[in-house]
Amino acid sequence: MSGTANILGTGGKSRRAMLTMASGQKPLATRRIFAAGKLMAAPCGIVLPCLSGVPIEQRFSADDKEVVALAEILVNTDIAVPEDWERSGRDATKYLFLTLERWIRMHGGSAIDRRFDLDLTLSDRLVDYSDERGPEGTLYLVLDPDSAAFVLLTPTIELLENAHPRLPATFHNHFAGALSRWVRVYDYHDAEERVEMLREWYEGEENADQYEVPDVEGCTPKSLKETPLNLCELKNLNEEVRDPQLKALITGLLELCRISKQATRPEFTADIEEQLMDSNPALPCLLVAFSSGDAVVGCFDDDAETALEVTPQPNVIIPLKLCDPANIRKGFRTLGIVCETLAAVSRLIDLMPGNEEGVITREG
């Protein structure tokens, strides 16, 4: 297929709280951070905007026919704008780059960049270096993390517990659930699954009781075990809240839930399933922990050591069928909702006590 690969990113220069999920380097038990550039194999196809930074490299690979066809459809559907054609130097691939960059910016790009480190790729295949591409005339928009954003929940839980005993569970359930509609969130549920797996491994060993497993249950606040309020109950409670900080948190949460439901995840088709049949689960875009060194973080770090032993599935896959302009218009609308959801999460994290930008440092 065609086009350039525009590699974008700031490589850890931001003040975001991040954890890199995995590395191709030799694992070290005490190592917390892995090189972001090692997270995923080099891209195949057209790599377009990371949600931050400026282009630092370009390279060409293959036939321009599909890129030109997509650019023409985006103009005819009013997604691309004619002014960008001159800015691109009349290059179809650069024109697509500018279009996607502008689309992200229109749907919350600056808010996303404060918290997340993501790459958006346009390609004719889902697995890097694979000889197998998708169906003829189909391109894919693929969203994945270079590292996982990091948020602490304990200060927020303490604030919510004082207002209502079921609010902490409600906040976590809807916060993680709304984002999980689109990208993977790693939280205490994932850590509990790892602990259960470790116990199964150790069960058949001699002196199994000598093995220690992370105390996820011990670090998880008891209030998270309460039954969450549904959204109607949460809206009613928000009407009664007078504390400005608490009201801002609940209002932000309700807005996040509203935005995340405005589109449906594209169908996991047979050709996508075939391309990803040997893949691992997607890499997390967000780690939700209770403190910077708790058992949830420990489980995340352990999982990070093996995450790339097999190529992971992408977090978001949006197929674009060049024979169907309506499908492409729908695909870009879906991308916009994904971006707006990430932006809403970023704004909500800004409101959560203990998560001020630059305070939590997990890089370097």
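In what follows, the structure referred to is the one given above.
Quick caveat, the model's predicted, so the values are computed rather than measured.

Caption draft 1: Examining the nonpolar core more closely. Judged by nonpolar contacts, the single largest core of 87 residues is most densely connected at Leu70, Leu141, Phe171, Phe175, Leu286, Phe332 and Leu342. At 12 residues, the largest contribution of residues to this core is made by helix α13 (residues 325-351). Other than its neighbours up to four places away in sequence, Phe171 contacts Leu153, Thr156, Leu160, Leu249, Leu253, Leu348 and Met352.

Caption draft 2: Main features of empty space enclosed by the protein. What the rule picks out here adds up to 1 cavity of 30 Å³ or more. If you add up the space inside the largest cavity, you get close to 30 Å³. Forming the walls of the largest cavity are Leu70, Leu74, Leu96, Thr99, Leu100, Leu122, Leu141 and Phe332. Residue assignment for the lining of the largest cavity shows that the elements contributing at least two residues are α1 (65-76) and α3 (92-106). Here the lining of the largest cavity gets 3 residues from one element, more than from any other, and that element is α3. Broken down by class, the residue content of the lining of the largest cavity amounts to 7 nonpolar, 1 polar and no charged.

Caption draft 3: How the structure looks around the packing of aromatic side chains. Applying the stated criterion across every chain yields a total of 5 aromatic pairs. Arranged with centres 5.7 Å apart and planes meeting at 75°, the rings of Trp103 and Phe332 form a pair that is edge-to-face. Taken together, the residues Trp103 in helix α3 and Phe332 in helix α13 connect sequence positions 229 residues apart. Residues Trp103 and Phe332 agree in their burial class; the two are buried. Judged by centre distance (5.3 Å) and plane angle (90°), the rings of Tyr186 and Phe300 are edge-to-face. Of this pair, Tyr186 sits in strand β5 (residues 185-186) while Phe300 sits in helix α12 (residues 295-304); the two residues are 114 residues apart in sequence, bridging distant segments of the chain. Take Tyr186: its relative accessible area is 0%, and that puts it in the buried class.

Caption draft 4: Quick peek at unusual backbone geometry. Residues other than glycine seldom take positive phi values, yet Asp78 does so here, at roughly 65°. On the secondary structure map, Asp78 appears in the loop between α1 and α2 (83-87). Judged by its relative accessible area of 67%, Asp78 is exposed. One non-glycine residue, Arg90, lies in the positive phi region at around 60°. Here Arg90 shows up in the loop between α2 and α3.

Caption draft 5: Structural context of the pattern of salt bridges. Inspection of every chain in the model, using the stated rule, returns 11 salt bridges. Between Glu233 and Arg166 there is a salt bridge, and its shortest N-O distance comes to 4.0 Å. Residue Glu233 is found in helix α9 (residues 231-240), and its partner Arg166 is found in the loop between α5 (154-161) and α6 (167-180); the two are separated by 67 residues along the sequence. On the accessibility criterion, Arg166 (26% relative accessible area) is partly exposed. A salt bridge links Asp190 to Arg184, with the shortest nitrogen-to-oxygen separation between them at 3.5 Å.

Caption draft 6: View of the pairing of strand β7 (residues 316-321). A large share of β7 lies buried, amounting to 5 of its 6 residues. Bridge analysis of strand β4 (residues 138-152) against β7 gives 6 bridges, and the strand direction is antiparallel. From the neighbouring strand, Leu139 faces β7, where its bridge partner is Leu320.

Procedures and definitions
Residues numbered from 1 in each chain as written. Predicted model: local features only at pLDDT ≥ 70, side-chain atom pairs only at ≥ 80, totals over all residues. Heavy atoms only, no water. Core = buried A, V, L, I, M, F, W, Y, C linked by side-chain atoms within 4.5 Å. Buried < 20%, exposed > 50% of the residue type's maximum accessible area, 1.4 Å probe, protein only. Helix = DSSP H or I, 4+ residues; strand = E, 2+ residues; numbered from the N terminus. Contact = heavy atoms within 4.5 Å. 1 Å grid on protein atoms, 1.4 Å probe; cavity = no way out; pocket = protein on both sides within 12 Å on 5 of 7 lines; lining within 4 Å. Points joined across faces, edges and corners; volume = space filled by probe spheres on them. Nonpolar A, V, L, I, M, F, W, Y, C, P; charged D, E, K, R; others polar. Phe/Tyr/Trp six-rings, centres within 6.5 Å; stacked < 30°, edge-to-face > 60°. Salt bridge = Lys/Arg side-chain N within 4 Å of Asp/Glu carboxyl O. Pairing = 2+ DSSP bridges.

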